[in-house]
Amino acid sequence: GFFQSYAVEVEIKDASNATCLYGHWMMRFLITYESNSGDYKTTTLNLSSGVTHNGSVCGNDTQAALVAFQFGEGHSWSINMTKNNETYRGEFITLTYNTNDTAVFPDAKRKGPVTVSVRDPFPPVLLDTVFVCHNTFFIEAENVTEIFWNVTVQAFVQNGTVSKKESRCPMDTPTSTPTVPPTTANVTTASTTTLSPAPTTPPKPVENPDTGNYSLKSGNKTCFLATVGLQLNVSQDKPLLININPKTTIADGACGNTTATLKLNDGNSTLIGF
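In this text, all values refer to a predicted model and were calculated from it rather than measured experimentally. Every residue gets a number counted from 1 within its own chain, in the order that chain's sequence is written. Only residues with pLDDT of at least 70 are given local features in this predicted model, and only at 80 or more are side-chain atom pairs given and counted; all residues enter the totals for whole chains, interfaces and linings. With hydrogens and water excluded, all non-hydrogen atoms of the structure serve as input to the side-chain values.

Colleague: I'm lost on the state of the cysteines in this one. Help?
Modeller: Here a disulfide denotes a covalent bond joining the sulfur atom of one cysteine to the sulfur atom of another. Only a pair of cysteine sulfur atoms within 2.5 Å counts as a disulfide in this structure description. Within this structure, the stated rule accounts for three disulfides. Covalent S-S linkage joins Cys-133 and Cys-169, the inter-sulfur distance amounting to 2.0 Å. Judged by the torsion about the S-S bond (70 degrees), the Cys-133/Cys-169 disulfide is right-handed. Of the two residues, Cys-133 is situated in strand 9 (residues 130-133) and Cys-169 in the loop between strand 12 (166-168) and strand 13 (211-218); the sequence distance between them amounts to 36 residues. Using a relative accessible area of 0% as the deciding quantity, one classes Cys-133 as buried. For the exposure calls, accessible area comes from a 1.4 Å probe over protein chains only, and a residue counts as buried if that area is under 20% of its type's maximum, exposed if over 50%, partly exposed in between. Residue class for Cys-169 comes out buried when judged on its relative accessible area of 2%. Sequential numbering of the bridged cysteines in the chain gives the disulfide pattern 1-2, 3-4, 5-6. Note on conventions: DSSP H or I runs of at least 4 residues are helices, E runs of at least 2 residues are strands, and numbering of each starts at the N terminus.

Colleague: In this structure, what is going on with the pattern of salt bridges? I would like to understand it.
Modeller: Close approach of charged atoms lets side chains of opposite charge pair. By salt bridge we mean one thing: a side-chain nitrogen of Lys or Arg within 4 Å of a carboxyl oxygen of Asp or Glu. In the structure shown here, the tally under the stated rule is seven salt bridges. One salt bridge in this structure joins Lys-263 and Glu-140, with 3.1 Å as the shortest N-O distance. Of this pair, Lys-263 sits in strand 18 (residues 260-265) while Glu-140 sits in strand 10 (residues 137-141), placing them 123 residues apart in sequence. Residue classification places Lys-263 among the buried positions, given a relative accessible area of 18%. Residue Glu-140 is classed as partly exposed on the basis of its relative accessible area, which comes to 37%. Three or more residues joined by partner-sharing salt bridges are found here, namely Glu-166, Arg-168 and Asp-172.

Colleague: Would you mind showing me how to read the pairing of strand 17 (residues 250-255) here?
Modeller: On a regular strand, one side chain projects to one face of the sheet and the next to the other, so that they alternate. Two strands make a pair as long as DSSP finds a minimum of two bridges between them. The pairing of strand 17 with strand 18 spans six bridges and is antiparallel. Directly across from Asp-252, in strand 18, lies its bridge partner Lys-263. From the end of strand 17 to the start of strand 18, which pair antiparallel, there are four residues.

Colleague: Sorry, what's going on with the sheet that holds strand 19 (residues 271-273) here?
Modeller: Backbone hydrogen bonds hold the strands of a sheet together, and the pairing may be parallel or antiparallel. Across the sheet, which stays open at both edges, the three strands sit in the order 17-18-19 with antiparallel pairing between neighbours. With partners counted over all chains shown, the strands left at the sheet margins are strand 17 and strand 19, one partner each. When strand polarity is set aside, the average angle formed by the axes of neighbouring strands in this sheet is 15 degrees. Note on geometry: axes are C-alpha line fits, over the in-contact stretch for helices, and angles between N-to-C directions span 0 to 180 degrees.

Colleague: Explain the environment of Cys-169 to me, please; I cannot follow it from the model alone.
Modeller: Separated by 36 residues in the primary sequence, Cys-169 and Cys-133 place their C-alpha atoms 5.2 Å from one another. Here, two residues are considered to be in contact whenever any of their heavy atoms come within 4.5 Å of each other. Setting aside residues no more than four positions away along its own chain, Cys-169 makes contact with Phe-122, Phe-131, Val-132 and Cys-133.

Colleague: Explanation requested: the side chain of Asn-98 in the structure shown.
Modeller: Mapped onto the fold, Asn-98 is located in strand 6 (residues 87-98). Taking the relative accessible area as the measure of exposure, Asn-98 reaches 13% and is therefore buried. At 3.2 Å, the side chain of Asn-98 and the backbone oxygen of Glu-73 are in polar contact. Non-local contacts of Asn-98, meaning those with residues more than four positions away in its chain, are made with Glu-73, Gly-74, His-75, Phe-105, Gly-112 and Pro-113. Any pair of N or O atoms that falls within 3.5 Å is considered a polar contact. Within protein, one atom must be able to donate a hydrogen and the other to accept it, and sequence-neighbouring residues count only if both atoms are side-chain atoms.

In structure tokens, the structure reads:
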């Protein structure tokens, strides 16, 4: 169940029953919350199968388009998008999670809905162009990490037909293929044309991971130190070993009076929290 996540898909139509906004993507959320004991816990909020998109609107030259999803026990997510004469773009991404959902937030100290908003980090997209991002990207919003992959979105669709023209996110390359859900590293292979078949060699065994030194500061004082080599063993169709490279891994997080959280992002679809 760890890798299971439902895709969201929305097709909004105008008064003439023509498609004005289309979107399809996958997402999940990592949320840090305080428990009744004063400790901070990190939980994963996944989409359920019963996703609705009540309140979504097409938008026009003077009104923003809105994609709104409701799922699970009182959770919701939305993004509003605006356009000018030549482009459209996302403005604010808003997540509301409900800590009364005890299956996701066991022993939460704060009860009820919590709302966090963040600006869409991507630049404007030309009108009559689909925004596509196959590879995984992360958006940080206070104590929430929003994780997205396999994204296809077009707002302000013209003439009711989703465009064939694409605008790719920086995480994708011209030869990118859809990635599997986050925590599985992307593996790229290159092929070379030769006159004769190249001899096959056994795969090189995965070596021990390099040791990284990670730290967090609270003001001018270091509050968290970790010296560790990290290797993930992911079991899906076949085992996959992933070494975390300290040279490309960014440490983030926060220190409290009684707890500390360290988040490591290797920039390659792997996010680890301690």
